[in-house]
Every structure is written in structure tokens, then in C-alpha cells.
Amino acid sequence: MIPVIVAIAAVVSSVPYLVVAIIFPLVFVGFLLVLEQKLQATVTVSPNTSTAYVGDEVEFKGSVSVTRGFGLLFVRFPTDPRFDIVDGSNVHVLFKGLANRSAEYTYKLRALRRGVFEFPAISFSFYPSFGLLDKSETKIQTNISLRVLPKIVVPRRGQLRIKSLQELPRQSRARLGPHSTDFVSIRDYSVGDPFKFINWKASSRITDSNKLLVNEYEREGLHTFLFILDRGINMRRGTLEDNALESGINFVLSSSKVLLSSGINVGVWIVPETREKTRRRYVLPSSGAMHYNKIKELLLFAESEFDFGEDLNKLSISSKLLLQIVRESTPAIIMITNLSRSNAPQFSRFSDTLLRGRASSVSLIDVMPDGIIAKYSSASYSTQGASANLALKALLYPTKKKLYQTLPGRVKIVAWDPVNDRPGYIMRKALSVAGSGSSAR
Amino acid sequence: MENKLVVAAGLFAALPGVILLLFATDSLLQVIGLVIIALGALLGVSAFFTKRVSTFAWLALILSLFTLMFGNGYLATVFGFGLGFNAPLLELFSISVVFIELSIVTASIYGAYKKYYRELEKAGYDKEESDRELGSFSNFMFIAALGVVVLSGGIFLIFEFVPQIPIDSISGLIIAMIVYFAIATYILRRPSTPKIA
């Protein structure tokens, strides 16, 4: 409007020199319009690795090259809420004048949590010509995927006693191994049972003509440990990066590594299942170094959910398979959960089912995330060590005692404060308890 | 950088007032000059308190134009009074109006700088980088505006020597306004093409 106002004033005042003041805004706007061009820019970003561990720093290198356009460019390189920016910045501003511009940026992210993280796109906004003209926004797809593995502590094998100190009656061994001649029982036929074990006499006596009964014999082979990890809502207690589930995952991975290196079969089950059943929630017991990778893959995607999913005691397909494994291999079972009034009855029934299903022992590691919460609300908590540990357990003991009493007597319980109990100590306790007949309440 | 823009905007806005104060013989013109200088000073001070920095430059522009309209031309003839403008003062003062427009542009550059700087600070951008890039942007725009002032003066001089079409000023004004609104409408209504290739 300036040219119009000045033009009117020029006519009314009859001053010709005001023409300069009419020309100036017109030429200035014309100049900005001439500068207006489509932006042509190349923006890239890449991390220095595709796999990292929790707590590791990952360096991202980004570059921007602008060959056409005039204005301000705001670039936002990808990041994720589960990462902390520890160095540099992922947001940058760049002014593109008449000359070509290029710039390189680096920033470092620290992984706070395990999982597979996508960094899908770089977003940027372009403000051309002094902001008089509309801004543009766009995203550039990057398809960067970063795997963050849990960082585990593996104690030295000499520190752990996996085999029992006491002399125990001979127990049946892993599902891998030949049948011995020691008769155990007669049971229903399962797919895969050798035909030679069918007990025709017993089968003919039962009224249901479609059913077959087989003789079961003890098997020889390696010992089996089975970890059952609870992913119910109780395991969410703590923070997003540090909670009962994360502690449980680290424990399972550490213990699996130790056990597998001793040539022991290890299996992992995550309970309960969700109703969608989109992902397998178990790894069947096996041994060897490659087997550890399967367990790691399973636990990488384990998340606790608000939906309890199926009742632990309902016989879904994987639950039936679990009971079959227990029956065949009579493993030492270690359950990891955060025991509370809401899940104690379920775990009590489930433990009973496992014990009746011929598990050699059932231990329960009760993760107490109250220590995690205390660590974040009191800076000194994690440095107090044994005294804080004892204080926490003393505080929770009356409630926990009542819960522990609801579990079957044969279940061995290990209470664990992840902040102050060293992982090696708990592993030592849990594995030796699982291998022995002693109670650790 | 932003302080220099504010100082420059204030000085440009005050320049017509300085001309009036120094060269006008009429006391009313000198008072008007003082008011314009005060508006320029307020522009500089207001930058620290308000976002709308160019308000005072606009006021200076309107005051200057009204001074010219009542000091010379149709209104002065109709109402029978003048403000004591002599020819050299009139010429100098009317040319200096372009500096008030430059002040408006400079104040707008400053406003844009502050707006972007604040938003970048809130969004976690590096302060040094923001300062540097926005500073380059503001410098470029300011120098470009100065260049356009010089270019406008050059175009005016060319008009002085080019043969002129013999039409009266009112008709010329009407034709100019029609052309201006036509171009402005075209620019504002044109389809917004994607700015990123």
C-alpha cells in the first residue's frame, strides 16, 4: 500500500521528487520476486553403526547442499525419544543467499533402551525471500534402522555354581537325548512319540477308541533351564528405560550366556501372550552359541503391555507346548516377575501346574522396582548399597511375605532389588537355588 | 547485528526530521522536524519492548506526507496557507521520504530476525549458529534494500531525461493505481507452486 499512499500524496502536494518513494517499494518487491526460486537441496544423514548396545553413543553425520533458492532453511535430522542427544544438535538453520551453500553436521545420540528403532525421515522447512512468501515443508525418507541390544553383565563362570551342592536323586534330563529304560509313567499319545512306545494293552482298556496311551521313559542328556519372563503390567513399574522388565531381560540374557557356555539347554518363554499372537513369544530349549542369538532376538522385542492378554493358566497353543516341554525335559524353571496382589494368585496356580507337570524345580525371582523408583527420586539411594537394600526389603517384607505364602511350598523365591543387588549375586543365588533343593526365601 | 538494524532504522526514520530542523526557517516546520526525530528515537527504544517496531516509522511516514500535502500543492492553495517550504527544502525533504520507507524495511528485517531467533531458541537450535545465519540473512536484505534505494534514485533520474507523456497528474495517478492493483492482484492470487524441487 505504500506506493499508493505516496502516489496520492505526490499528486496532492504536486511534488515530483516523491516519485523516488513510489519507485523504491515497487523495485524492492520486484527484487524479492526475482529471488524467489524453487529450492534445490540435497540432504543426507547416516549413523556410524547399525547395531549398538544400551548406553552406547551413536554418531550421526548429516550434510546439506543447496544449489538453488533464496531464503532460510531449517533442517531437523531424525532422532528418537528413546535416545539422548549427548553432543551436537539435530536441528540446524542455514541461510541460502545468491551463492551455493553446503554444510556438514554431526550429532551423537546415546541409546537409553533396547529395541529396533527407525529414523524414518529428515524434515525441513524453507522460508523464501524474507518470509514475505509462504514457507514450504517437506520430508526426505532415510530408512535408517538401528538395533540396540541390552548390555548385560556376565560374571565369570568360576563365580557361579550351577550344579547343586547336594547329592540329588538322578533326574531325567533334556529333551535332546535318547530314551533310557527307566519307566516313568503311562500318558496320552502326543504327536512325535515313537510308535514302539504305544502301550496297546492300556489303550484297549480305555473307552475312547480314538485315544492311544504310550509308555514314558526317562531321557538322558543335558540339563535344561527354562526362563519364564512375565511381561504383564507390573513389569512396567519404574521408568521407560529402567524397569522390572528391563532388569528381567538383562538377567535372562546374562544367565543364558553363562548356562549355554556350560553346555546346558536353555529355553525362554514370555508370558502372557497377547490376543493378537503376531509374534512368537518363546524359544524352545536348546544349546550352543547360535541359540543365544535366538534368545536375544526374542527378548529384543519383548514389551510389557497394559492388556494382560490371556490368563497364564489358559491352555493356549504355546502353553500346551510349554507343558509338553516341561513334561519331557523336566527342566529347572526360573520365573521372573514383580509379584503383587494382582498377579500372585495366577502365578501360584501356574507354579502348581508346572510342578505337577514334572518340572524339576520352580524358582521365582521377585523383581522389586521400588528400588528403581527410589533411585530416581533420591540421588543418594543407589550409592547406599547394602543398607538401602536391607531397608527396602525390610519395608516391603510384610506385604511380600503374605504374597510368598500364597505360592506352593516347593517354589523357591529370590527377592531382587535391581539397583543394589549385583546381577552376579542374584544369578549365583537364583541358579544355585534352581539347581538345588534348598529354599531361598 | 540486531542492534545495528534498530539504530539504522531509527536514524533513517529521523533523517527527514533532521533536514527540517536544520534547514527550515518556519518554526512549525522545525517542530514537525522535532516530532519526526522523536519518532525515530522511539523506534529505537521500542525495539526492546515491543514486537511491532515499524509502527513509529509508519507514523513518521504519515506525518511527513501530510506535511508535504499541506505545505505545498492543492491543499495549500485551497486553504490559503503554506508551511514555509522553499524550493530546495521541499526537494530535499521529499527525497528524504524514501529513507523513512527504508526505515520501515529495516525495522521489518529486524522484526523478522527477532521472530525467527526467538522461535529457534525455543526449538533448541544452537544460538551461535542461529545468530550467524540470521545475521547473514539480515545483512544481505539490508544491503539489498540500500542498493534498491540507489537504484530507485537512478530510475528517477532516467525519468527526468526520458520524454514524458503529456497527461495530467490525476489521470496519471488513476492509470498508475489501476496498473498497480492489477499486478498486485495477479501476484497475490497466483497459484502457489511448490517451492521445493
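Calculation rules
- As a convention, each chain's residues are numbered from 1 in the sequence order in which they are written.
- Going through the entries in the order they are written, you letter the chains from A and number the ligands from 1.
- Totals for whole chains, interfaces and linings use all residues, but because this is a predicted model, local features are given only for residues with pLDDT of at least 70 and pairs of side-chain atoms are given and counted only at 80 or more.
- As a convention, hydrogens and water are excluded, and side-chain values are obtained from all of the structure's heavy atoms.
- Numbering of helices and strands runs from the N terminus; a helix is a DSSP stretch of H or I covering at least four residues, while a strand is a stretch of E covering at least two.
- Buried means the residue's accessible area, taken with a 1.4 Å probe over protein chains only, is under 20% of the maximum for its type, while exposed means over 50%, and partly exposed covers the values in between.
- A contact between two residues is defined here by any heavy atoms of the two lying within 4.5 Å.
- With residues, only the protein chains shown are counted as cover, and all accessible areas are computed by Shrake-Rupley using a 1.4 Å probe.
- Here, the term nonpolar core denotes a set of buried Ala, Val, Leu, Ile, Met, Phe, Trp, Tyr and Cys residues that are joined through side-chain atoms within 4.5 Å.
- Exposure above 30% relative accessible area and the absence of a salt bridge qualify a residue for a patch, where like charges join within 9 Å and nonpolar side chains (Val, Leu, Ile, Met, Phe, Trp, Tyr) within 5 Å.
- Whenever a carboxyl oxygen of Asp or Glu lies within 4 Å of a side-chain nitrogen of Lys or Arg, that contact is scored as a salt bridge.
- Every axis corresponds to a line fitted to the C-alpha atoms, with the helix fit spanning only the stretch in contact, and the corresponding angles, defined between N-to-C directions, vary from 0 to 180 degrees.
- The cut-offs work like this: below 35 degrees is roughly parallel, past 145 is roughly antiparallel, 65 to 115 is roughly perpendicular, and the gaps in between are oblique.
- A crossing counts as left-handed when the near helix is turned anticlockwise from the far one by less than a right angle, and as right-handed when that turn is clockwise.
- In the scheme used here, Gly and all other residues not listed as nonpolar or charged are polar, with Ala, Val, Leu, Ile, Met, Phe, Trp, Tyr, Cys and Pro taken as nonpolar and Asp, Glu, Lys and Arg as charged.

Within chain B one finds seven helices and zero strands. Overall, chain B shows an N-to-C arrangement of helices and strands of α-α-α-α-α-α-α. Of all 197 residues assigned to chain B, the portion counted as buried reaches 39%. Looking at chain B alone, contacts between residues at least 24 apart form 66% of all its contacts between residues at least 6 apart. By element, 70% of the accessible surface of chain B is carried by carbon and sulfur atoms, the whole surface being about 10800 Å².

Our next topic: the nonpolar core. Of all hydrophobic cores here, the largest spans 75 residues; its most connected members are Leu18(A), Leu72(A), Phe74(A), Leu20(B), Leu68(B) and Phe85(B). Considering each element in turn, this core owes the most residues, 16 residues, to helix 5 (residues 87–122) of chain B. What Leu18(A) contacts, discounting residues up to four positions off in sequence, is Val6(A), Ala9(A), Ala10(A), Ser13(A), Leu65(B), Leu68(B), Ser94(B) and Val97(B).

A few words on a nonpolar patch on the surface. Residue and element names in this part refer to chain B. Taken together, the side chains of Leu15, Val18, Leu22, Phe23 and Leu92 present a nonpolar region at the surface, about 440 Å² in accessible area. Examined against the element boundaries, Leu92 turns out to sit in helix 5. Looking at Leu92, the relative accessible area reads 40%, which means it is partly exposed.

Looking now at the packing of helix 2 (residues 19–35) of chain A against helix 6 (residues 127–161) of chain B. Direction vectors running N to C along helix 2 of chain A and helix 6 of chain B enclose 130°, while the axes themselves pass 8 Å from each other. Compared by their axis directions, helix 2 of chain A and helix 6 of chain B come out oblique. The interaxial crossing formed by helix 2 of chain A with helix 6 of chain B has right-handed handedness. Contacts between helix 2 of chain A and helix 6 of chain B involve Val19(A), Val20(A), Ile23(A), Phe24(A), Val27(A), Phe28(A), Phe31(A), Leu32(A) and Leu35(A) from the first element and Phe140(B), Met141(B), Ala144(B), Ala145(B), Val148(B), Val149(B), Leu151(B), Ser152(B), Gly153(B), Ile155(B), Phe156(B) and Phe159(B) from the second. The residue makeup of the contact of helix 2 of chain A with helix 6 of chain B, split by class, is 19 nonpolar, two polar and no charged.

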